[in-house]
Amino acid sequence: MYARVLGLAAALLAGCAQMAGDRVSAVERMYVINCGENHVKDVERWTPGVNKGKPWVFSNHCYLIRHTKGLMLWDTGNADRIAALPNGLTAPSGIITAFMRKPLAESLKEIGVAPADIRHFAMSHSHGDHSGNANLFTAATLYMQTTEYDAVFGAEPQKFGFAAANFEKIRGNPALKLNGEHDVFGDGAVVIKPAPGHTPGHQVLVVRLPKTGPVVLSGDMVHLTDNWNAKRAPSFNFNVEQSVRSMREIEAFMQKNGAKLWINHDREQSAGIPKAPAYVE
Ligand SMILES: [Zn+2]
């Protein structure tokens, strides 16, 4: 009898949570923000086996999600200071030149958002083209996989290709170290999913947009649509086999949920998506 009452109470609670989820907690809109461009002399490094010697331009984006319970930022793009360099910033290796057409701080201001307004903050991973402006978001809770967190804030971030300076000011942020999936607002509307391989704790973001439906923000799980179709991963990834496994797992999730994949660095695909100050619903 007692067990039956408990069971009934649990069912009622579940019902309430469902209703609250449907009515109160939802994504209102998402801004896709131009966060720079990365020009490379030979794209084959990113598409092993094809495109040898071909120059390429990768797009770079940041994403601001307006949920009824608050703002979340996903990725921070190339560093704002690069905007002052007309010829961009070329890596010491010479293989890549980063540009920033408009600082992220300025793009946020245009849509009426100050960095301190953003309370939820995650990056797909910690490379410079995603963590360039991380230090602006000192007021936010940081969501990072433990494996990535330990690499970034450990003794040798450079061993993983991470620049310690990009994280100096957020070292003291409240942080949620994740060991897998995390539902940011507790209603299934914005969910971080692990997709390791490119870096130790690489992750992707699932956003359930009110009109568009579920969208997976790729980070660098994959750089181009053609790589996605071929399940092709760059050899410089932290773990190539794991990268391919992550792609297959996310693809299975997408098929089950009818989700689309928005590839951060795919300029051609991104051209069809409205950019801030416009937004997607
Ligand atoms: Zn990247």
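Quantities reported herein were computed from a predicted structural model and do not represent experimental measurements. (Residues numbered from 1 in each chain as written. Predicted model: local features only at pLDDT ≥ 70, side-chain atom pairs only at ≥ 80, totals over all residues. Heavy atoms only, no water.)

Asker: Mind showing me how you'd approach the pattern of salt bridges here?
Answerer: Between side chains of opposite charge, pairing is possible as soon as their charged atoms come close. For the coordinates displayed, the defined rule picks out 8 salt bridges. Between glutamate 156 and lysine 159 there is a salt bridge; the shortest N-O distance is 3.7 Å. The exposure class assigned to glutamate 156 is partly exposed, which follows from its relative accessible area of 39%. Here glutamate 181 ties to lysine 193 by a salt bridge, and the two come within 2.7 Å at their closest N and O atoms. Note that glutamate 181 is positioned in the loop between β8 (175–178) and β9 (182–183) and lysine 193 in strand β10 (residues 190–194), a separation of 12 residues in sequence. Its relative accessible area of 12% is what places lysine 193 among the buried residues. (Salt bridge = Lys/Arg side-chain N within 4 Å of Asp/Glu carboxyl O. Buried < 20%, exposed > 50% of the residue type's maximum accessible area, 1.4 Å probe, protein only. Helix = DSSP H or I, 4+ residues; strand = E, 2+ residues; numbered from the N terminus.)

Asker: In this structure, what is going on with the pairing of β10? I would like to understand it.
Answerer: In regular strands, side chains alternate between the two faces of the sheet. A large share of β10 lies buried, amounting to 4 of its 5 residues. In terms of strand pairing, β9 meets β10 through 2 bridges, oriented antiparallel. Within β10, the position partnered with histidine 182 by the bridge is isoleucine 192. Taken together, β9 and the strand that follows it, β10, pair antiparallel across an intervening segment of 6 residues, in which glycine 186 is found at a positive phi of about 75 degrees. (Pairing = 2+ DSSP bridges.)

Asker: Is there a simple way to think about the state of the cysteines in this case?
Answerer: Between two cysteines, a covalent bond joining their sulfur atoms is known as a disulfide. Going through the model one piece at a time under the given rule, you end up with 1 disulfide. Sulfur-sulfur distance for the disulfide between cysteine 35 and cysteine 62 comes to 2.0 Å. Disulfide cysteine 35-cysteine 62: torsion about the S-S bond near -115 degrees, hence left-handed. On the criterion of sequence distance, the pair formed by cysteine 35 in strand β1 (residues 27–40) and cysteine 62 in strand β2 (residues 56–67) is long-range, its members being 27 residues apart. Exposure class is identical for cysteine 35 and cysteine 62. Each is buried. (Disulfide = S-S within 2.5 Å.)

Asker: So what exactly am I meant to see when it comes to the packing of aromatic side chains here?
Answerer: Each aromatic ring pair is characterised by the separation of its centres together with the angle its planes make. Under the defined criterion, the tally for this structure stands at 8 aromatic pairs. Aromatic pair phenylalanine 121 and phenylalanine 137: ring centres 5.4 Å apart, planes at 50 degrees, arrangement tilted. Of this pair, phenylalanine 121 sits in strand β6 (residues 120–122) while phenylalanine 137 sits in the loop between α3 (128–131) and β7 (141–145), placing them 16 residues apart in sequence. By relative accessible area, which is 0% here, phenylalanine 121 ends up buried. The rings of Trp46, Phe58 and Phe236 are connected pair by pair, giving a single aromatic cluster. (Phe/Tyr/Trp six-rings, centres within 6.5 Å; stacked < 30°, edge-to-face > 60°.)

Asker: Any chance you could explain the pairing of β7 here in plain terms?
Answerer: In terms of residue burial, β7 counts as a mostly covered element, since 4 of its 5 residues are buried. Inspection of the sheet shows β6 paired to β7 by 3 bridges, in the parallel sense. Considered in β7, the bridge of phenylalanine 121 is made with leucine 142. Across 4 bridges, β7 lies against β8 in parallel orientation. For tyrosine 143, the partnering residue across the bridge sits in β8 and is leucine 176.

Asker: Where do I start with the coordination of the zinc ion in this structure?
Answerer: Metal coordination angles have textbook ideals: 109.5 degrees for a tetrahedral set of four donors and 90 or 180 degrees for an octahedral set of six. At 2.1 to 2.2 Å from the zinc ion lie its protein donor atoms, namely Asp129 (OD), His130 (NE2), Asp220 (OD) and His265 (NE2). Taken in sequence order, the residues that donate to the zinc ion follow the motif D-H-x89-D-x44-H. One end of the pair, aspartate 220, is in the loop between β12 (213–217) and α5 (225–230); the other, histidine 265, is in the loop between β13 (260–262) and α7 (267–270), and 45 residues separate them in sequence. Classification of aspartate 220 as buried rests on a relative accessible area of 4%. Judged by relative accessible area, which is 2%, histidine 265 ranks as buried. (Donors = N, O, S within 2.8 Å, 3.2 Å for Na, K, Ca; no water.)

Asker: Would you mind showing me how to read the sheet that holds β10 here?
Answerer: Note on sheets: strands pair through backbone hydrogen bonds, and any given pair is parallel or antiparallel. Spatial strand order, β9-β10-β11-β12-β13: 5 strands in an open sheet with mixed pairing. Whereas interior strands pair on both sides, the edge strands pair on one side only; in this sheet they are β9 and β13. Of the pairings in the sheet, the one linking β12 to β13 comprises 3 bridges and is parallel in character. Looking across to β13, one finds that leucine 217 is bridged to tryptophan 262.

The values are spatial; any link to function lies outside them.
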